[in-house]
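Descriptive structure summary
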Amino acid sequence: MQYIDISFLALISGMVLTSFIKNKNFSGFITLIMTAFCSIGALYFSLNVIIENKIIEQEIFSLKPLLNSSFLISIDSLSALFLLIVSLVSFCVSLFSWKYLDVYKTNSPKRFYPFLILLFIASIGVVSVKDLLFFIVFWELMTLSSWFLVIFERDKKSALKGGLQYFIATHVTTAFLILASVILYSYSNDFSFKEINKSFSLIIKNQPYLSHFILFCIFIAFVTKAGVLPFGFWLPNTYPQPPSSASSFFGGVMSKLAVYALFRFFCSVIPFSFHTQIWGFIIASFGIFSIFVGTIAALTQDEAKRLMSFHAIGQVGYMFLGIGVGLYFIKINPFLASIALVGGLFHVFNNSIYKSLLFLNAGSIFYKTGTTDLNKVSGLMKVMPLTAITALIGSLSIAGVPPFNGFISKLLIFESSIWSAKQSEVFFLIRGAFIVFGIISVFISAVTLASFLKFVNSAFMGKLQGTIDEKRNLPWSMVLSQIILAFICLLAGLFPFIPLKIIYTAVTASSGSLPEFSSVFVGNILGVGINFVENYSQGAWFPVFIMIPLIILTILIFSFERYAKARKRDVETWYGGKEHAPEEVVYKGHSFYQPFKDLVSFKIGKIQFKGFYPVGIPAIKFSVPESFLKILRVDEWLYYPIVDKLTKFFEFLAQIYNSITEKYIVWLIFGSIFIFILLFYFSGGR
C-alpha cells in the first residue's frame, strides 16, 4: 500500500503548492511532476494487483465509536483496472495542461490546478474505498472539484449556465444515493460493502418492493453522472465549458467512474437475483436509447467540443448495453454474461483513452486558432500534422474501425446482444429486444464514423484557412500527450488479448462465479476468438495478420509515387472559368450530411429537436401570488433590515469612540502638564 500512500501524498502536496503559485508554467510543472509520481506508483501497484489477482487492504482510520464506518482502502482487480485508467489519463492531462493554460491570459492558475489535482485525488478515492459513507464523500468531492473547473471562465455566461445545470443535476441525484445508503444502513447497521451485501439478501426476501426502490435510487445517481439520456441532459452544456484538458478528464475518466460505481454495486455490493435481472434489462434499454439519441445529435453539431460531448453520451450507452446484457444473463447463461460484461468494461477502457485523446485534439485546435468551430477552421494538417494523425487514430478508434481498439470491445457487445436470440429459456420479446439493441448499436457505429469523418475533414483536410496564430506552435508537451494516447489506441487494437485478459480478471473478481477465461476466449498475443460453440472458435479476430498486407500496400503506394516523381503544383480554385477564393467554395462542417440532419431535425409544438435532441425548449411561464413571493424574498424582510440596523449601531459606536478618543487626548495633555508642574513645585525648582 505504500505506492498508494505515495500517490496520495504527492497529489496532496501538489494541490497545496499550486494553491499559492501564480505563475502558470511553474504551477503546471509542479502539477505534472506530482501527477507523474502518482501515476508511476499507481500503475505499478494496479498492474501488480491485476497480475497476481489479489486484494490489498489498509484501514486508514475508523469511525466505529460513532458509526460503523471506516476509511478502508481496498484494491481488488476491478479497482486496479480503473486505477490504471485514472493514472494514464491524469498524467496525459497534466502533461497537456502544462503549456495549454497559456491561452487563458486573464485567468489565474490557482483557479485550475488545485481543483484538477483534487479531482485526481477524488477519482482515486472513488475506486479505492469499500465503505459506502466514504464512497459518498469522495463522490461528492469529485463533483465539487469538477464543478469549479466547469466555471473556470466565470465571465462566460455559458460556463455559469453549464455549471449551474451540472451542480443541480448531480446534487439532486446524489441525494438519491444518500437516501439509499441511509436505508441500507438501517438494515445492515454498517457502511461496509460486505455487510450491505449480506443485509440486502434479507431485504430482497422480505421486502422486494423496497429493494427495487433502493436499486432505483442507485441507478438514478450513477446514470445521471455517467450522462445517460434522458438524465444526462446537462452534459452537452457542461463538458465544453472548462479548458480542454479538464474536459478530457471529464469525458475520459469521470463519466467512466459512474460506470464503475454501477458495475460495482450491481455486480458486487448487491447480490445477484431476479431483481438484478430486471434492472439489467432496464440498464440495457437506457443504454441503447443513449446510444441512438446521443450519437445522432452529435452528427448535427458544428462545434468540436460539443460534438465530443454528445459522443460521450452515445459511447457510455455502449457500456451500459454490455453491462445490462451481462446482468440479465448472469444467472441464465454465465458464458454469455461474461462476454457482455467484459465487452462493457473493455469499452470503458478503450473509450477512456480515445475520448481523452479527442478532447485534447480539440484543445490543440483551440490553442492554434482560438476557436473550436468546425465552420471556421480547415487545413490544419499543414501546420499541426502530428495532431491531425492522432485525431484520425482517435476518430477511427471511437468509430470501431479495425484494427484500432474500439473495434474489439464493440464486437463483444454486438456478439453478446445478438447471440441472446439462442437463449430459448428467455421470453421471446426480451430476446427480440436484445437483437434489436444489437442491430441499432451496429448502425449507430456507422453514424459515429460519419460524424468523426466530418470532424477530421473539416478541421484538418482541405486548404488552410481561418484565424491561425503563426507564432503559437504546439509545445512538445501537448503533442506528446496526444501521441501517448494514440499509441495506446493502436497497441490495444493490434494486441487485444492482453487487455482482454486483464479485464476478464477484473470482471471475475467482482462478479463471482463465471467461467474460466480459457473456456470463453481462445487465442494468443496476436489475436483472440470466442468459444460460442464448444471446441469451435467463432468471432475470431487477429488484427496483426490484417495489418501486414495493409502495411505492404502502403509501402508500395508510396514507393510508386516516389519512383514516378510526379510533380505537384498548387493553383487557384476555378469553377466555370471563374477564379474563386478558397473561403467561397470550401465545404464547411455545417454542410456535411445536411439532408440527413434535416431529416432528424423537427419541431413538436414549441419544442425544437435537432438530431432527436431538444434544443429549443421554451421557458415555462407561470404566475405566483405576490404574498408568496414576499415570503421567498428573505433578503428584503430579514437580511437587509438586520444589516441596516447593525450598520447604524456600529456607526454609533464609531462616533462614541471618536469623541472619547479626542477628549482622552486633551485630558492626557492637560494631565501631563499638571503632573509636570506638581513635580517641579515639590522638587523646589531643582
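Cut-offs used in this document
Residues numbered from 1 in each chain as written. Predicted model: local features only at pLDDT ≥ 70, side-chain atom pairs only at ≥ 80, totals over all residues. Heavy atoms only, no water. Phe/Tyr/Trp six-rings, centres within 6.5 Å; stacked < 30°, edge-to-face > 60°. Helix = DSSP H or I, 4+ residues; strand = E, 2+ residues; numbered from the N terminus. Buried < 20%, exposed > 50% of the residue type's maximum accessible area, 1.4 Å probe, protein only. Lys NZ or Arg CZ within 6 Å of the ring centre and 35° of its normal. UniProt positions renumbered as here; feature names shortened; annotations may be inferred. Expected span 1.5 Å × (residues − 1). Axes fitted to C-alpha atoms, helices over the stretch in contact; angles between N-to-C directions. Parallel < 35°, antiparallel > 145°, perpendicular 65-115°, else oblique. Left-handed = near helix turned anticlockwise from the far one by under 90°. Contact = heavy atoms within 4.5 Å. Nonpolar A, V, L, I, M, F, W, Y, C, P; charged D, E, K, R; others polar. Core = buried A, V, L, I, M, F, W, Y, C linked by side-chain atoms within 4.5 Å. Salt bridge = Lys/Arg side-chain N within 4 Å of Asp/Glu carboxyl O. Patch = residues over 30% accessible without salt bridge, like charges linked within 9 Å, V, L, I, M, F, W, Y side chains within 5 Å. Areas by Shrake-Rupley, 256 points an atom, 1.4 Å probe, with all protein chains shown as cover. Bend = angle between axes of the 7 residues up to and from the residue.

Details of the packing of aromatic side chains
For any two aromatic rings, the description comes down to two numbers: the centre-to-centre distance and the angle of the planes. Taken as a whole, this structure holds 46 aromatic pairs when the rule is applied. Aromatic pair Phe 71 and Phe 134: ring centres 5.2 Å apart, planes at 15 degrees, arrangement stacked. Taken together, the residues span a long stretch of sequence, with Phe 71 in strand E2 (residues 70-75) and Phe 134 in helix H5 (residues 132-150) at a distance of 63 residues. Like Phe 134, Phe 71 is buried. Among the aromatic residues, ring-to-ring pairing joins Phe 96, Tyr 100, Tyr 104, Phe 112, Tyr 113, Phe 152, Phe 366 and Tyr 367 into one connected group. Positioned above the aromatic ring of Trp 139 is the side chain of Lys 225, whose terminal nitrogen or guanidinium carbon lies 5.9 Å from the ring centre. Its guanidinium or amino end placed over the ring of Tyr 318, Lys 410 lies 4.7 Å from that ring's centre, counting from NZ or CZ.

Describing the UniProt feature "domain: NADH-Ubiquinone oxidoreductase (complex I) chain 5 N-terminal" (unreviewed entry) in the protein chain
According to UniProt, the "domain: NADH-Ubiquinone oxidoreductase (complex I) chain 5 N-terminal" (unreviewed entry) feature falls on residues 67-102. Here residues 67-102 is 67% helix and 17% strand, with 47 Å between the C-alpha atoms at its ends.

So, helix H15 (residues 405-419)
Taking 1.5 Å as the rise per residue, H15 with 15 residues should run 21 Å; its terminal C-alpha atoms sit 22 Å apart, in good agreement. When you tally the buried positions in H15, you get 12 out of 15 residues, the bulk of the element. Turning to H15, its buried residues are Asn 405, Gly 406, Phe 407, Ile 408, Ser 409, Lys 410, Leu 411, Leu 412, Ile 413, Phe 414, Ser 416 and Ser 417.

Side note on the packing of helix H13 (residues 334-369) against H15
To describe two helices that pack against each other, one gives the angle between their axes and the distance between the axes. Where H13 meets H15, the closest approach of the two axes is 8 Å, and the angle between their N-to-C directions is 150 degrees. Classed by the angle they form, the pair H13 and H15 counts as roughly antiparallel. Considering the relative orientation of H13 and H15, their crossing is left-handed. On H15, the residues touching Leu 336, Ile 339, Ala 340, Val 342, Gly 343, Gly 344, Phe 346, His 347, Asn 350 and Tyr 354 of H13 are Asn 405, Gly 406, Ile 408, Ser 409, Lys 410, Leu 412, Ile 413, Ser 416 and Trp 419. The residue inventory of the contact of H13 with H15, partitioned by class, reads 10 nonpolar, 8 polar and 1 charged.

Observations concerning the nonpolar core
Phe 82, Phe 135, Phe 222, Phe 455 and Phe 521 are the most contacted members of the largest nonpolar core, which has 197 residues in total. No other element matches H13, which puts 20 residues into this core. Every residue in contact with Phe 82, bar those within four places of it in the chain, is listed here: Val 127, Lys 256, Leu 257, Tyr 260, Leu 345 and Val 348.

Points about the pattern of salt bridges
Enumeration according to the criterion identifies 5 salt bridges in this entry. For Arg 264, the salt bridge is made with Asp 76, and the minimal N-O distance between the two is 2.9 Å. Within this pair, whereas Arg 264 is found in helix H10 (residues 244-269), its partner Asp 76 is found in the loop between E2 and helix H3 (77-100), the two being separated by 188 residues in sequence. One exposure class covers both Arg 264 and Asp 76, and it is buried.

Section: the environment of Leu 177
Along the chain, Leu 177 turns up in helix H6 (residues 157-188). It is 9.5 Å that separates the C-alpha atoms of Leu 177 and Phe 216, two residues lying 39 residues apart in sequence. Ignoring anything within four residues of it in the chain, the contact list for Leu 177 reads Phe 135, Ile 136, Trp 139, Cys 217, Ala 221 and Phe 222.

Notes on a nonpolar patch on the surface
A grouping of Ile 498, Ile 525, Leu 526, Phe 545, Ile 546, Ile 548, Leu 550, Ile 552, Leu 553, Leu 556 and Phe 560 is seen on the molecular surface, where their side chains present a nonpolar patch of about 1000 Å² in accessible area. The leading source of residues in the nonpolar patch is helix H20 (residues 543-564), at 8 residues. Along the chain, Ile 525 turns up in the loop between strand E3 (521-524) and strand E4 (527-533). The class for Ile 525 is partly exposed, based on a relative accessible area of 45%.

Examining H10
In this model, H10 (26 residues) spans 35 Å end to end at C-alpha, consistent with the 38 Å of a helix rising 1.5 Å per residue. The largest bend along H10 measures about 35 degrees and falls at Phe 250. Of all 26 residues that make up H10, 25 are buried, and the element is covered over most of its length.

Brief notes about the environment of Val 172
Mapped onto the elements of the fold, Val 172 is located in helix H6. Overall, the relative accessible area of 47% leaves Val 172 in the partly exposed class. C-alpha of Val 172 to C-alpha of Thr 224: the two residues are 52 residues apart in sequence and 9.8 Å apart in space.

Some thoughts on the packing of H6 against helix H7 (residues 193-206)
Where H6 contacts H7, the axes come no closer than 9 Å and their chain directions differ by 85 degrees. By the criterion of interaxial angle, the relationship of H6 to H7 is roughly perpendicular. In contact with Leu 184, Tyr 187 and Ser 188 of H6, H7 contributes Glu 195, Ile 196, Ser 199, Phe 200 and Ile 203. Tallied by class, the residues present in the contact of H6 with H7 amount to 5 nonpolar, 2 polar and 1 charged.

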